[in-house]
Structures are given as structure tokens and as C-alpha cells.
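# An overview of the molecular structure
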Amino acid sequence: MKFAITSKGDAKSNTLMQRMRTYLQDFHLEYDEDQPDIVISVGGDGTLLYAFHRYKNRLDKTAFVGVHTGHLGFYADWTPDEIEKLVIALAKTPFQIVEYPLLETIVRYQHGGRENRFLALNESTVKSVEGTLVMDVEIRGQHFETFRGDGLCIATPSGSTAYNKALGGAIVHPSIDAIQITELASINNRVFRTVGSPLLLPAHHTCMFRPVNAVNFQITVDHLSLLQENVKSIQCRVADEKIRFARFRPFPFWKRVHDSFIAN
């Protein structure tokens, strides 16, 4: 089996990365940064997001596993004092594959001829470069509302505990193939009106955002921030691809939610 390791870059994570690489090679696993079967993320959820984007073109061939060197993460389920146990599991134990949904965002531009496709593990956001964001929102080809406000967040189930939660969105179990649209400070008065609640769209529903008063936007895809100019439309849906996690033991989602937000 081929493996690669990504590190947060701090001293603790780099030391663990080197130890794990040595241990796994002692078990005759091959280190291969280009075509790994397993990618080990050492750091936190941000490190795993980086690893996901680095290997997003190999999602059907690569599985991920996380070691957290800081606070407990939603993607990293191993601790530094368990790396010997993890190494033995990787080298000797068959693992279960758990798949999580991803968000596909397609940006199309005025004058045609090109489009950009992005995959997000947590979320994408759309904000105006200047002033209020005004977007016509379509769901399944039908006009739903005209949004006015600071922006829109479109989250995956696994990303529902991140920025989406801070915006008042629902926490969604990652076994559900869906995306969630959550508003950022919408304008609601006697003239302008939005639904005002997060929307949960199943995999067979596509949403489309069409600009009303501007064509340049700041779009984020997880940790990446992208200036998009002359935008004609932004399409979001559940992606055909999924991220694959290697599980050697249970990692219950609701326990992660409890431990992150409720437990002292």
C-alpha cells in the first residue's frame, strides 16, 4: 500500500509526521506523494482540508485518515499518543471506507466559452466585492427568491458544524446526501423578503444563483478565497464525487458534535 502524509507545519506535527513515515516504511509500506492509497493528515481539520484539495483528483483512489495535534477535530480521530496503534492498524488491519458528500460549485461567466468547477469539503460562500449582495435564487430551475444581504453560505453535511453553524444553520449528519443554503445577514422589510431560514437540498436538487446588480464576487471554497469577475451564474449541487475516510474504529458523528460544543 502506498501512503503520503501532510503536516500542519508546526514542530509537533512535523515530528509526528517523520515518526509515522519511518514506522510505516519499516512495515514495508511505500511512501508516494503522487499516487497514495492513504493520505494521513497530521494537524487539525484545516490540515485535512488542505490534503483534500491537494488530492481532489484522486478521490476514488485515495482514502484519508486524520491525526489531531491540537483540539479535537471533526475529521481527525487519532491522537499523537496513538500513532503506534494507527501505524499497526494501517499496516496490518483491513479498514472500513466511510464516504461523505461533497459540494460542487460551477461558476459560469458572461460572454460564454468557459466555466470553473470547484469541489468543497466544508462549504462555499458567495459575497459581493462591494456593497450588498443581490442574487436571484433558483431551485430546480424555478425562481425561489431574490436574496439581498451580506452573502450566502452553501455547506456540506460534514461542513454543517463549521461556518454554517455559526450562521444559525442546522447540523446535518454526513450520511445524508444534501447541501444546505444559509443566509448571511439578509435584508428583510416591507419591500425586500427572503425565506429567512436555512434550506436543505437533496442530491437531486440543483440551486442556481444569478447576479442582479453586480458581476464580480468573492467566492470561497473551504479555505480558498477566489475573486470571480464577470459572473453569469453560480450553480451548486451535491457532487458526484465523495471523500473517502479510512476507519479502523467507530468515530460517531453525534459524539463529535457533543464533545466539540457541549462537553466541558
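No experiment lies behind these values; they were computed from the predicted model shown. (Residues numbered from 1 in each chain as written. Predicted model: local features only at pLDDT ≥ 70, side-chain atom pairs only at ≥ 80, totals over all residues. Heavy atoms only, no water.)

Let's shift gears to the packing of aromatic side chains. Applying the stated criterion across every chain, the model contains 8 aromatic pairs. For the ring pair tyrosine 75 and phenylalanine 245, a centre distance of 5.8 Å and an interplane angle of 10° mean the geometry is stacked. Of this pair, tyrosine 75 sits in the loop between β4 (63–68) and α3 (83–92) while phenylalanine 245 sits in strand β15 (residues 231–247); the two residues are 170 residues apart in sequence, bridging distant segments of the chain. We classify phenylalanine 245 as buried; its relative accessible area is 0%. Look at phenylalanine 253 and tryptophan 254: their rings are 5.0 Å apart centre to centre, the planes differ by 70°, and that puts the pair in the edge-to-face class. Members of the aromatic cluster, joined through ring pairs, are Phe74, Phe253, Trp254 and Phe261. Note that lysine 165 overlies the ring of phenylalanine 261, its terminal NZ or CZ placed 4.4 Å from the centroid. The ring centre of phenylalanine 251 lies 4.0 Å from the NZ or CZ of arginine 256, which sits over that ring. (Phe/Tyr/Trp six-rings, centres within 6.5 Å; stacked < 30°, edge-to-face > 60°. Helix = DSSP H or I, 4+ residues; strand = E, 2+ residues; numbered from the N terminus. Buried < 20%, exposed > 50% of the residue type's maximum accessible area, 1.4 Å probe, protein only. Lys NZ or Arg CZ within 6 Å of the ring centre and 35° of its normal.)

This next bit is on the UniProt feature "active site" (unreviewed entry) in the protein chain. In the numbering adopted here, UniProt assigns the feature "active site" (unreviewed entry) to Asp45. Assignment of secondary structure puts aspartate 45 in helix α2 (residues 45–54). By relative accessible area, which is 24% here, aspartate 45 ends up partly exposed. (UniProt positions renumbered as here; feature names shortened; annotations may be inferred.)

Moving on, we come to the pattern of salt bridges. This model, assessed by the stated rule, comprises 13 salt bridges. A salt bridge links arginine 117 to glutamate 104; the shortest N-O distance between them is 2.7 Å. Placement of arginine 117 in strand β6 (residues 115–120) and of glutamate 104 in strand β5 (residues 96–109) is noted, with a sequence separation of 13 residues between them. Owing to a relative accessible area of 4%, glutamate 104 belongs among the buried residues under this scheme. Salt-bridge contacts for lysine 242 lead to aspartate 177; the nearest nitrogen and oxygen are separated by 2.6 Å. Taken as a pair, lysine 242 in strand β15 and aspartate 177 in the loop between α4 (163–166) and β10 (178–186) lie far apart in primary sequence, 65 residues in all. The exposure class assigned to lysine 242 is partly exposed, which follows from its relative accessible area of 24%. Note on aspartate 177: relative accessible area 34%, which makes it partly exposed. Shared partners join several salt bridges into a network, and the residues in it are Glu104, Arg117, Arg237, Asp240 and Glu241. (Salt bridge = Lys/Arg side-chain N within 4 Å of Asp/Glu carboxyl O.)

Further remarks concern the side chain of glutamine 235. You can see glutamine 235 is positioned in strand β15. Accessibility expressed as a relative area gives 12% for glutamine 235, which makes it buried. Within the local environment of glutamine 235, its side chain forms a polar contact with the side chain of arginine 108, the two groups lying 3.0 Å apart. When residues no more than four places from it in sequence are discounted, the contact partners of glutamine 235 are Glu104, Thr105, Ile106, Arg108, Thr206, Cys207 and Met208. (Polar contact = N/O pair within 3.5 Å; in protein donor to acceptor, adjacent residues only side chain to side chain. Contact = heavy atoms within 4.5 Å.)

So, on to the UniProt feature "binding site: NAD(+)" (unreviewed entry) in the protein chain. Cross-referencing UniProt, the feature "binding site: NAD(+)" (unreviewed entry) maps to Asp45, Gly46, Asn122, Glu123, Arg148, Asp150 and Ala185 in the present numbering. In terms of the greatest pairwise C-alpha distance, the residues named above, spread along 141 residues, do not form a single cluster, extending to 31.5 Å across. Relative to the elements of secondary structure, glycine 46 occurs in helix α2. Assessed through its relative accessible area of 47%, glycine 46 is described here as partly exposed. Structurally, the position occupied by aspartate 150 is in strand β9 (residues 142–155). When residues no more than four places from it in sequence are discounted, the contact partners of aspartate 150 are Val126, Lys127, Ser128, Leu133, Leu184 and Ala185.

This brings us to unusual backbone geometry. Although it is not a glycine, histidine 111 sits at a positive phi angle of roughly 75°. By the element assignment, histidine 111 lies in the loop between β5 and β6. Its identity as a non-glycine residue notwithstanding, arginine 140 has a phi of 55°, on the positive side. On the secondary structure map, arginine 140 appears in the loop between β8 (133–139) and β9.

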